[in-house]
Amino acid sequence: MARTTDVRAIRRLVDPLAEAGVLVKKDAVTYYEAVQQFRVAEREGAVVGCGALHVMWEDLAEIRTLAVSPRAKGTGLGGLLLEALVADARALGVERLFCLTFEVDFFARHGFEVIEGQAVDPLVYAELLRSYDEGVAEFLDLERVKPNTLGNTRMLRTL
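Residues numbered from 1 in each chain as written. Predicted model: local features only at pLDDT ≥ 70, side-chain atom pairs only at ≥ 80, totals over all residues. Heavy atoms only, no water.

Participant: Just give me the short version of the pattern of salt bridges, but keep the residues and values in it.
Facilitator: Within the structure shown, the criterion is met by 5 salt bridges. With a shortest N-O distance of 4.0 Å, R130 and E127 are connected by a salt bridge. On the accessibility criterion, R130 (62% relative accessible area) is exposed. Taking relative accessible area as the criterion, E127 reaches 36% and is therefore assigned partly exposed. (Salt bridge = Lys/Arg side-chain N within 4 Å of Asp/Glu carboxyl O. Buried < 20%, exposed > 50% of the residue type's maximum accessible area, 1.4 Å probe, protein only.)

Structure below.
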């Protein structure tokens, strides 16, 4: 589990990916507010990977901010982080996991399938519209967040 002292390292991992348009840029305060959602991977005392699980509804959560350092790419670390987040989701009683990603092949290898349209019924959609979270807005595919989601693929995994 991530600790507040990991936030700077998480940002160092995420910032280059955000600048490249692969992940969404977030303010430092956003990471501190969500630190309990994060898991980190460390090698030789340094954070080399991170990922977050954000619960959106009774049966639905999102995998967010999954990133590994360039030196850890291809080592299986991303898959280990993802499966740790899946285990967290199961422990919370979540039945479905959503992600918005450019890494379609990676997530497909881990049981995610491409989806079209909404993954929730209209009543839940209406409730989720009340959220202030930008990730929920991206999940809902709201027009105001389209620049953040261009080229991303919507994927879902049933646990």
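Participant: Before we move on, can you summarise the sheet that holds strand β1 (residues 38-43) with the specific residues and values?
Facilitator: The strand order β1-β2-β3-β4-β6-β5 describes an open sheet built from 6 strands, whose pairing is mixed. Single-partner strands in this sheet number two, and they are β1 and β5 (113-114). When strand β3 (residues 60-68) meets strand β4 (residues 96-101), the two strands line up parallel, connected through 3 bridges. By the bridge assignment for β4, A61 is matched with L97. Contacting β1, β2 (46-57), β3, β4 and β6 (153-158), helix α3 (residues 77-92) crosses the sheet at an angle of about 30° to β2. (Pairing = 2+ DSSP bridges. Helix = DSSP H or I, 4+ residues; strand = E, 2+ residues; numbered from the N terminus. Contact = heavy atoms within 4.5 Å. Axes fitted to C-alpha atoms, helices over the stretch in contact; angles between N-to-C directions.)

Participant: Please give an account of the confidence of the model for the chain that cites residues and values.
Facilitator: With 96% of its residues at a pLDDT of 70 or more, the chain has an overall mean of 91. Looking at the elements of the chain, mean pLDDT is at its lowest for helix α7 (residues 146-149), recorded as 59, and at its highest for α3, recorded as 98. (pLDDT = per-residue confidence, 0-100.)

Participant: Residue-level account of the nonpolar core, with values.
Facilitator: Buried together is how nonpolar side chains tend to be arranged in soluble globular proteins. One finds L53, I63, L77, L82, L97, F107 and F112 to be the most contacted residues of the largest nonpolar core, which totals 21 residues. Looking at this core, the elements with two or more residues in it are β2, β3, α3, β4 and α4 (104-109). If you tally residues by element for this core, the top one is α3, at 6 residues. When sequence neighbours within four positions are dropped, the list of residues in contact with L53 reads Q37, A61, E62, I63, L85, D88, A89, L92 and L97. Among the nonpolar cores identified, the runner-up in size contains 16 residues, and A2, I10, V35 and V40 belong to it. (Core = buried A, V, L, I, M, F, W, Y, C linked by side-chain atoms within 4.5 Å.)

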